[in-house]
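Geometric and topological summary
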Amino acid sequence: MKVVIDSNVLLVAIGKRSRFRKFFDAAVAGAADFLVTNDAHFNEAKKLEFPVVNIISADKFLKMLKKENN
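In this report, we go over the structure that sits alongside the text. Just so you know, these numbers come straight off a predicted model, no measurement behind them.

Looking now at the overall build of the protein. Helix and strand content of the protein: 2 helices and 4 strands. Helices and strands appear in the protein in the N-to-C order β-β-α-β-β-α. A burial count over the protein gives 17% of its 70 residues as buried. Restricting to contacts in the protein with at least 6 residues of sequence separation, those with at least 24 account for 18%. Per element, the accessible surface of the protein, about 5,800 Å² overall, is 55% carbon and sulfur.

Looking now at helix α2 (residues 58-69). A rise of 1.5 Å per residue sets the reference length of α2, with its 12 residues, at 16 Å; its end C-alpha atoms lie 17 Å apart and thus fit the reference within 8%. With respect to burial, α2 is a largely exposed element, only 0 of its 12 residues being buried.

Attention shifts here to helix α1 (residues 21-29). Those residues of α1 not exposed but buried are F24, D25 and A27. One face of α1 carries all of its buried residues, which in axial projection span an arc of 160°. On its buried face, α1 is in contact with β3 (35-36) and β4 (55-56). The positive-phi residue at the C-terminal boundary of α1 is A31, with phi of around 50°.

One pass over the full model with this rule turns up 2 salt bridges. For D25, the salt bridge goes to R21, with nearest N and O atoms at 2.8 Å. Here R21 and D25 lie together in helix α1, a separation of 4 residues that amounts to about one turn. We note a salt bridge from E44 to K47, for which the minimum N-O separation is 3.1 Å. Just as E44 is exposed, K47 falls in that class too.

A cis geometry characterises the amide bond from F50 onward to P51, with omega recorded as -5°. One non-glycine residue, A31, adopts positive backbone phi at about 50°. With respect to the helices and strands, the residue A31 is situated in the loop between α1 and β3. On the accessibility criterion, A31 (55% relative accessible area) is exposed.

Calculation criteria
Residues numbered from 1 in each chain as written. Predicted model: local features only at pLDDT ≥ 70, side-chain atom pairs only at ≥ 80, totals over all residues. Heavy atoms only, no water. Helix = DSSP H or I, 4+ residues; strand = E, 2+ residues; numbered from the N terminus. Buried < 20%, exposed > 50% of the residue type's maximum accessible area, 1.4 Å probe, protein only. Contact = heavy atoms within 4.5 Å. Areas by Shrake-Rupley, 256 points an atom, 1.4 Å probe, with all protein chains shown as cover. Expected span 1.5 Å × (residues − 1). Arc of directions from axis to C-beta. Salt bridge = Lys/Arg side-chain N within 4 Å of Asp/Glu carboxyl O.

Rendered as structure tokens:
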């Protein structure tokens, strides 16, 4: 189930998952452009070829936002 809350937020229902896997699965199910985290547990997921989830740090994401607004 996907519910669009507004143009920037998408509510995605997923099944029961591990503590970190649920965020990864939500990003995949919601076709997220980025999964923003500073959690080192996600470093292994960066190596996956499928499904592709662009995992970036909060600092990198903030730099992207600043660059986009200039």
